[in-house]
Amino acid sequence: MAVTELMPHTEPYQVVDRAERAFPAWAATDPAERGARLHRAADAMAARLDDLAEANHADTGRPRDEARASVEAGIGTLRQYAELGPLHRGRALQGGWNATDLMIPQPRGVVVALTPWNDPVPVACGLLGAALVTGNTAVHKPSERACRTGALLAELLAEALPEDVVQTVFGAGEVGAALAANPHVAVVAHVGSTHTGRSIAMAAAATGAKALLENGGNDAAIVDCDVDPAWAAAQVALGAYANGGQVCTSVERVFVHQDVAAPFLDALVKEAERWNDTLCPLVDANHRAGVHRQVTDAVSAGAALATGGTLPSGAGSWYPATVLTDCTPVMSVMTEETFGPVAPVMVVSDFAEGLALAAEDRHGLAASVFTADMANAQRAWRTLDVGTVKVNAVFGGAPGGAAQPRRLSGTGFGYGPELLDEMTTTKVVHLSPPGGAP
């Protein structure tokens with residue numbers, strides 16, 4: 001099993017060197033064979049589905065059925081790239097009659113994948129699947145909060161692939177930082193916090209590596225006056241409370257039209273209390289303390305608790321589904337990612353005000369809009385400077401879709417067929433006969 005425990009004082013050059021040495025042979029492997037190897041890895045994951053799901057549950061606290069569905073999504077993602085990789089193609093250009101001109105995608109080299117704890121299997125399968133099927137070798141560092149899941153995934157991937165083509169290392173943030181700063185790394189792919197993403201971007205700028213980043217978000221939801229407020233409240237609750245609010249594209253800010261504010265808030269409080277019956281705990285007590293600090297800071301600044309917002313007694317990291325009202329745009333709960341089950345609400349005079357406030361954000365991951373007015377919907381998706389805009393559905397989208405986060409939320413395509421382009425670089429080839437040849 002290609003798993004290495006890297007301590008903070010250990011230089012990560014050895015593991016990157018091994019990946020670099022394995023790269024030429026793997027890059028020269030037929031794309032169909034690379035895809036077949038990923039299918040074998042997916043088969044191995046499917047055979048250990050229960051074990052992976054239990055590790056996911058133990059690491060993240062997600063309910064067992066959700067943990068299992070997450071692993072199944074990861075298996076599907078790996079199979080997707082196993083199929084897409086051999087179809088990834090370049091272009092032939094129209095040159096001279098006796099010449100051949102090509103644009104050919106080639107693997108970049110060693111890819112470092114730094115993956116998060118909140119959905120560890122699908123994210124890893126996406127980044128690693130796209131990297132490996134296009135001929136790169138990979139070093140994977142799972143979050144230190146998801147070691148059990150990462151170790152089992154490492155075992156299954158390593159069994160299906162040649163030695164050192166994919167390696168997994170463990171450690172805290174300093175290990176990831178050392179990997180990102182290694183001058184022999186070609187791509188650093190990171191899904192996680194904005195703070196870490198910015199440090200990776202600076203490290204990559206120094207080494208010349210490509211930085212592929214999906215950082216935090218501060219996603220807005222706008223509720224117009226012409227939708228059923230109970231339905232909109234259910235959608236916002238799903239966006240704010242799914243996986244305890246620990247989703248990159250969770251609803252983090254809510255702007256509701258004053259004409260439906262009262263019934264919307266009544267319904268949202270009921271939804272929050274209903275979610276408490278099944279809400280998973282936060283990943284650990286330290287994270288819960290940060291979530292609670294944002295809530296108490298908002299209350300101190302004038303926000304009102306409609307429900308939730310109190311720390312439970314006893315051990316554990318569970319936090320109640322919370323609704324905050326009377327919020328203002330300058331509160332940290334409205335300007336920073338909370339990553340917890342908190343729905344801060346601000347009442348606006350009309351759709352235009354809600355749209356303007358939603359657009360005032362340093363992040364650029366996603367946003368949701370609930371409206372029956374297609375003119376407002378069109379205006380919203382054109383105005384909001386984010387990678388994904390969802391109209392009348394807080395989650396969802398067609399298979400194969402991809403998006404580019406913006407500003408503090410990152411850069412590059414993190415999934416979809418476009419991820420194959422991120423993992424490759426294009427070489428232009430011009431072939432012409434020697435001088436004097438017919």
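It should be noted that the structure appears before, not after, this text.
Every value quoted in this text rests on a predicted model; they were computed, and no experiment measured them.

Engineer: Any details on the overall build of the protein? Residues and values, ideally.
Structural biologist: Secondary structure assignment for the protein yields 15 helices and 17 strands. Rg of the C-alpha trace for the protein: 23 Å, near the compact-globule value of 22 Å for 438 residues, within the 12% margin. The principal-axis extents of the C-alpha atoms in the protein amount to approximately 80 × 55 × 40 Å. Burial statistics for the protein: of 438 residues in total, 52% are counted as buried. When contacts within the protein are restricted to residue pairs at least 6 apart in sequence, long-range pairs at least 24 apart make up 74% of them. Looking at charge distribution, the protein has the averaged site of its 30 positive side-chain charges lying 5 Å from that of its 48 negative ones.

Engineer: Explain the pairing of strand S5 (residues 137-141) residue by residue, including any values.
Structural biologist: Along S5, five of the five residues are buried, which leaves the element largely enclosed by surrounding structure. Of the two faces of S5, the one lined by Thr137, Val139 and Lys141 and the one lined by Ala138 and His140 are each fully buried. Where strand S4 (residues 110-114) and S5 come together, five bridges link them in parallel fashion. Bridge pairing in S5 places Val112 opposite Val139. Looking at chain direction, S5 and strand S6 (residues 166-170) are connected through three bridges and run parallel.

Engineer: Describe in detail the sheet that holds strand S3 (residues 100-107), supporting the description with residues and values.
Structural biologist: Spatial ordering of the open sheet is given by S2-S3-S17, a layout of three strands whose pairing is antiparallel. If you trace the sheet from one side to the other, it starts and ends with strand S2 (91-93) and strand S17 (424-431), each paired once. The sheet shows a mean angle of 25 degrees between the axes of neighbouring strands, direction not considered. As judged from the eight bridges shared by S3 and S17, these two strands associate in the antiparallel manner. Paired with Asp101 across the two strands is His430, which belongs to S17.

Engineer: Kindly report on the nonpolar core, identifying the contributing residues and their values.
Structural biologist: Core analysis: the biggest nonpolar cluster contains 44 residues, and Met45, Leu78, Leu128, Leu132 and Met423 have the highest contact counts within it. Listing elements by their share of this core, those giving two or more residues are helix H2 (31-47), helix H3 (49-60), helix H4 (64-84), S4, helix H5 (120-133), helix H6 (147-160), strand S7 (187-191) and helix H15 (418-422). In terms of residues, this core owes the most to one element, H5, which gives nine residues. When neighbours within four sequence positions are excluded, Leu128 is seen to be in contact with Ala113, Ala138, His140, Leu157 and Val166. Counting 28 residues, the second-largest nonpolar core is a separate cluster that includes Val236, Ala240, Val256 and Ala272.

Engineer: A description of the packing of aromatic side chains should follow, citing residues and the corresponding values.
Structural biologist: Taken as a whole and judged by the stated rule, the model has three aromatic pairs. Measuring from ring centre to ring centre gives 5.7 Å for Trp117 and Phe339, while their planes differ by 85 degrees; the resulting arrangement is edge-to-face. Separated by 222 residues along the polypeptide, Trp117 in the loop between S4 and H5 and Phe339 in the loop between helix H12 (332-335) and strand S13 (342-348) bring together distant segments of the chain. By the burial criterion, Trp117 is buried, and Phe339 matches it. On the numbers, 5.6 Å between centres and 85 degrees between planes, the contact of Trp231 with Phe370 is edge-to-face. Of this pair, Trp231 sits in helix H9 (residues 229-241) while Phe370 sits in strand S14 (residues 366-370), placing them 139 residues apart in sequence. By relative accessible area, Trp231 is classed as partly exposed at 32%.

Engineer: Which residues make up the pattern of salt bridges, and what are the values?
Structural biologist: Counted by the stated rule, this structure contains 20 salt bridges. Between Asp164 and Arg18 there is a salt bridge, with its nearest N and O atoms 3.6 Å apart. Placement of the pair is Asp164 in the loop between H6 and S6 and Arg18 in helix H1 (residues 13-27), with a sequence separation of 146 residues. For the pair formed by Asp164 and Arg18, the shared burial category is buried. Among the ionic contacts, a cluster of salt bridges with common partners joins Glu33, Arg37 and Arg40.

Engineer: Which residues make up the environment of Val369, and what values do they have?
Structural biologist: In this structure, Val369 sits in strand S14. Accessibility expressed as a relative area gives 0% for Val369, which makes it buried. Sequence spacing of Val369 and Val191 is 178 residues, and the spatial spacing of their C-alpha atoms is 25 Å. In this view, Val369 contacts Ile222, Phe351, Ala380, Leu384, Val389, Lys390, Val391 and Asn392; residues no more than four positions away in its chain are not counted.

Engineer: Give me the packing of H5 against H6: which residues, what numbers.
Structural biologist: Close contact between H5 and H6 brings their axes to 10 Å; oriented N to C, the two are set at 40 degrees. When the axes of H5 and H6 are compared, the crossing they make is right-handed. Residue-level contacts link Pro120, Val121, Ala124, Cys125 and Leu128 of H5 to Thr149, Leu153 and Leu157 of H6. A breakdown of the residues in the contact of H5 with H6 according to their chemical character gives seven nonpolar, one polar and no charged.

Engineer: Quick rundown of the sheet that holds strand S9 (residues 220-223)? Include the residues and the values.
Structural biologist: Here seven strands make up an open sheet; going across it, the order is S11-S12-S13-S10-S9-S14-S15 and the pairing mixed. At either margin of the open sheet sits one strand with a lone partner, and together these are strand S11 (304-307) and strand S15 (388-391). For this sheet, the mean inter-axis angle between neighbouring strands, taken without regard to orientation, is 25 degrees. Note that S14 and S15 share four bridges and pair parallel.

Reading the values: the criteria
In this numbering scheme, every chain counts its residues from 1 along its sequence in written order. Local features in this predicted model are restricted to residues of pLDDT 70 or higher, and side-chain atom pairs are both shown and tallied only at a pLDDT of 80 or more, whereas totals for entire chains, interfaces and linings draw on every residue. As a rule here, side-chain values come from all non-hydrogen atoms in the structure, and water together with hydrogens is ignored. The helix count covers DSSP runs of H or I at least four residues long, the strand count covers runs of E at least two residues long, and both are numbered beginning at the N terminus. For this measure, only C-alpha atoms enter the radius of gyration; the expected value for a globule follows 2.2 Å times N^0.38, where N is the number of residues. Exposed residues in this analysis have more than 50% of their type's maximum accessible area, buried residues have under 20%, and partly exposed residues fall in between, with area computed by a 1.4 Å probe over protein chains only. Note on contacts: a residue pair qualifies if any of its non-hydrogen atoms lie within 4.5 Å across the two residues. Here Asp and Glu are counted as negative and Lys and Arg as positive; His is not counted, and neither are the chain ends. Think of each charge as sitting on NZ of Lys, CZ of Arg, CG of Asp or CD of Glu. The pairing criterion is simple: DSSP has to find at least two bridges between the two strands. To obtain an axis, a line is fitted to C-alpha atoms, over the contacting stretch when the element is a helix, and the angle between two such axes runs from 0 to 180 degrees between their N-to-C directions. For this analysis, a nonpolar core means a set of buried residues of the types Ala, Val, Leu, Ile, Met, Phe, Trp, Tyr and Cys, connected via side-chain atoms within 4.5 Å. Pairing of aromatic side chains here covers Phe, Tyr and the six-membered ring of Trp, requires ring centres within 6.5 Å, and sorts the geometry by plane angle: under 30 degrees stacked, over 60 edge-to-face, intermediate tilted. A pair is scored as a salt bridge if a Lys or Arg side-chain nitrogen falls within 4 Å of a carboxyl oxygen belonging to Asp or Glu. Less than a right angle of anticlockwise turn of the near helix away from the far helix marks a crossing as left-handed, whereas a clockwise turn marks it as right-handed. Gly is put with the polar residues, along with every residue not named as nonpolar or charged; the nonpolar set is Ala, Val, Leu, Ile, Met, Phe, Trp, Tyr, Cys and Pro, and the charged set is Asp, Glu, Lys and Arg.

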